[in-house]
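Summary of structural features
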Amino acid sequence: MATFVLIHGAGDVGWYWHLVIAELRARGHDSVAPDLPCEDDSAGLSEYADTVVEAVGDRSDPVVVAQSLGGFIAPLVCDRVRAKLLVLVAPMIPAPSETPADYWAHTGYGEEEKGRYGNAVDLFYQDVPPELAAEALRRGRDQSEAGLGEPSPLRAWPETPTRVLICRDDRLFPPRYLRRVTMEHLGIVADEIDGGHTPALSRPRELADRLEAYAREQGLLVES
């Protein structure tokens, strides 16, 4: 059995991971997916990380998994929970001391060729079943920007083994852009999966397969 700590993205909730959690539970794994304090103007990245660490509790040797903005939070969590593996899914990948607000300019996001999409469904949920996309929008929260202008307390990337999983049809973070940022910031080649920006809703089984495979590769699963 492995323990997976699942960190959602901006303006979202832990519910985002519920289908992946069901898949992992069916395979005998434990998971925790806390709601981050997205709407709290007084909360910054440190408070987001505190929320995750508190939710982990006394679970040992977890795999930390982060979606999108969660990539800013996950490296702050790893050392504190003694994570054995870090998996970033369709992520932002911060440089030390970087602010989320500055990330876009620092990574040359505006220079990338991207499509234009008129609504959140087309941008984030184009391959998610309509009823799930509607529920995701209903559960979504306003993302406070107040704490995101503060420099990250990250001073160096954790020594935790790290994998990056790109979504080939991601309209927010085009694959070419994210491949480049992964190499520039982490010096590794990203893996890829089919789907748009929110694979936990569009492809939960495939995503759970990847997470389980990563854990197995890291020696965290013992075959019976």
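Please read these numbers as outputs of a predicted model, since none were measured by experiment.

Counting 41 residues, the largest nonpolar core has Ile7, Val52, Val64, Ile73, Val77 and Leu88 as its most contacted members. Mapped onto this core, the elements with two or more residues apiece are strand S1 (3-7), helix H2 (45-56), strand S3 (63-67), helix H3 (70-81), strand S4 (85-89), strand S5 (162-167) and helix H7 (175-186). When residues of this core are assigned to their parent elements, the largest contribution, seven residues, is made by H3. For Ile73, the contacting residues outside a window of four places in its chain are Ile7, Leu36, Leu45, Tyr48, Ala49 and Val52.

Here we come to the layout of surface pockets. In this structure, the largest pocket spans a volume of roughly 460 Å³. Lining the largest pocket are 24 residues, and of these Gly9, Ala10, Gly11, Ser68 and Phe124 lie nearest its centre. Counting residues per element, the ones that place at least two in the lining of the largest pocket are helix H4 (100-106), helix H5 (120-124) and helix H6 (130-139). If one sorts the elements of the lining of the largest pocket by residue count, H4 sits on top with three residues. Each residue belonging to the lining of the largest pocket can be placed in one class, and the counts come to 13 nonpolar, eight polar and three charged.

Let us now look at the packing of aromatic side chains. According to the stated counting rule, one finds nine aromatic pairs in the structure shown. Geometrically, the ring pair formed by Trp104 and Tyr109 is edge-to-face, given 5.0 Å between the ring centres and 70° between the ring planes. What makes Trp104 partly exposed here is its relative accessible area of 31%. Between Tyr109 and Phe173, the ring centres sit 6.1 Å apart and the planes meet at 85°, which makes this aromatic pair edge-to-face. Of the two residues, Tyr109 sits in the loop between H4 and H5 while Phe173 sits in the loop between S5 and H7, which places them 64 residues apart along the sequence. For the pair Tyr109 and Phe173, a shared accessibility class is recorded, and that class is buried. Taken together, the ring pairs in this structure connect Phe72, Tyr103, Trp104, Tyr109, Phe173 and Tyr177 into an aromatic cluster.

Conventions used here
Residues numbered from 1 in each chain as written. Predicted model: local features only at pLDDT ≥ 70, side-chain atom pairs only at ≥ 80, totals over all residues. Heavy atoms only, no water. Core = buried A, V, L, I, M, F, W, Y, C linked by side-chain atoms within 4.5 Å. Buried < 20%, exposed > 50% of the residue type's maximum accessible area, 1.4 Å probe, protein only. Helix = DSSP H or I, 4+ residues; strand = E, 2+ residues; numbered from the N terminus. Contact = heavy atoms within 4.5 Å. 1 Å grid on protein atoms, 1.4 Å probe; cavity = no way out; pocket = protein on both sides within 12 Å on 5 of 7 lines; lining within 4 Å. Points joined across faces, edges and corners; volume = space filled by probe spheres on them. Nonpolar A, V, L, I, M, F, W, Y, C, P; charged D, E, K, R; others polar. Phe/Tyr/Trp six-rings, centres within 6.5 Å; stacked < 30°, edge-to-face > 60°.

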